[in-house]
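Each chain, written out:
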Amino acid sequence: MSLPARDLLDVRLSEAYGREGCPICAVRARSERAALDSMVTEGVMDIATRGRLERSEGFCRRHLRELIIAERDGPGSLLGSGILYRTVLGRRLEIVRRGSGAKGRGLRAILGLAAKRPPCIACAQGTSGVEIALGRSVERAQDPAWADAMARAPFCLDDLIDLWRASKDEAALTPILRRQLERLTDLEHRLAGFIDHSSFERRLEMTDRERDSVAEAAAALGGDGD
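Read on for a plain summary of the structure. On a predicted model such as this, the values are computed, not experimentally measured, just so you know. (Residues numbered from 1 in each chain as written. Predicted model: local features only at pLDDT ≥ 70, side-chain atom pairs only at ≥ 80, totals over all residues. Heavy atoms only, no water.)

Applying the stated rule across the entire model yields 20 salt bridges. For D148, the salt bridge goes to R152, with nearest N and O atoms at 2.9 Å. In this pair, D148 and R152 are both assigned in helix α8 (residues 144-152), four residues apart and thus about one turn of the helix distant. By relative accessible area, which is 46% here, R152 ends up partly exposed. Of the charged contacts, one joins D162 and R165 as a salt bridge, the two residues approaching to 3.5 Å between their closest N and O atoms. With D162 and R165 both in helix α9 (residues 157-167) and three residues apart, the pair spans about one turn of that helix. Judged by relative accessible area, R165 falls into the exposed class, the value being 62%. (Salt bridge = Lys/Arg side-chain N within 4 Å of Asp/Glu carboxyl O. Helix = DSSP H or I, 4+ residues; strand = E, 2+ residues; numbered from the N terminus. Buried < 20%, exposed > 50% of the residue type's maximum accessible area, 1.4 Å probe, protein only.)

A pair of packed helices is characterised by two quantities: the angle between their axes and the separation of those axes. It is the contact of α9 with helix α10 (residues 173-196), at a shortest axis distance of 11 Å, that shows an interaxial angle of 160 degrees. On the basis of their axis angle, the class for α9 and α10 is roughly antiparallel. Between α9 and α10 lies a crossing whose hand is left-handed. The residues of α10 that touch α9, namely those facing L157, L160, L163, W164 and S167, are L173, L177, Q180 and L184. (Axes fitted to C-alpha atoms, helices over the stretch in contact; angles between N-to-C directions. Parallel < 35°, antiparallel > 145°, perpendicular 65-115°, else oblique. Left-handed = near helix turned anticlockwise from the far one by under 90°. Contact = heavy atoms within 4.5 Å.)

One finds Y17, I24, M150, F155, L163, L173 and I176 to be the most contacted residues of the largest nonpolar core, which totals 32 residues. Of all the secondary-structure elements, those providing two or more residues to this core are α1 (8-17), α2 (23-41), α7 (121-140), α8, α9, α10 and α11 (208-222). Residue contacts for L173: discarding those within four places in its chain leaves V138, A141, M150, L163 and S167. (Core = buried A, V, L, I, M, F, W, Y, C linked by side-chain atoms within 4.5 Å.)

Structure (structure tokens):
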């Protein structure tokens, strides 16, 4: 899909609206992946970045796991991931080791500290990318081509709500939100049909759209990662 573009942000957002899934989920995934790619290629070689990572641990569980996936998909030898993993593991074990000789309140305090997770660098970049995408989407809703793309896009429910919140009662969003609500209401009805027709004696009455509704609901409620 190629929508009228004023700048590079419009071009990238247009690409997200041209994908099959939720466009905001696509922006989030792309932004998070960019953070991971940056860390495994450039961040590990930068002393200041590695120091900040060592102090904060830097990533949530999911993105720590995806570091190695990001590097495997590139030309790297996993050296970057290895360096980052050693940094994070060393920092966490430093805290955990304090509990080996502790008891009672002291042990509970140490374990509480060890269980705390810092703000994730990749999640933060994903959140920032989404906020920018939502704001620009609201702006571009004035354009008929963009408005049509937004009305037809399979937003997940959480991102649709965030788009609504970002709109601040912008009139151009009203028909878009109405069509999106119709789409999700139709999904609700098809799920009901899937359930009603799942019994053995009624299985032949199930339509393809009812059968597809479960996977669509998973994306609508759980997000549509890239």
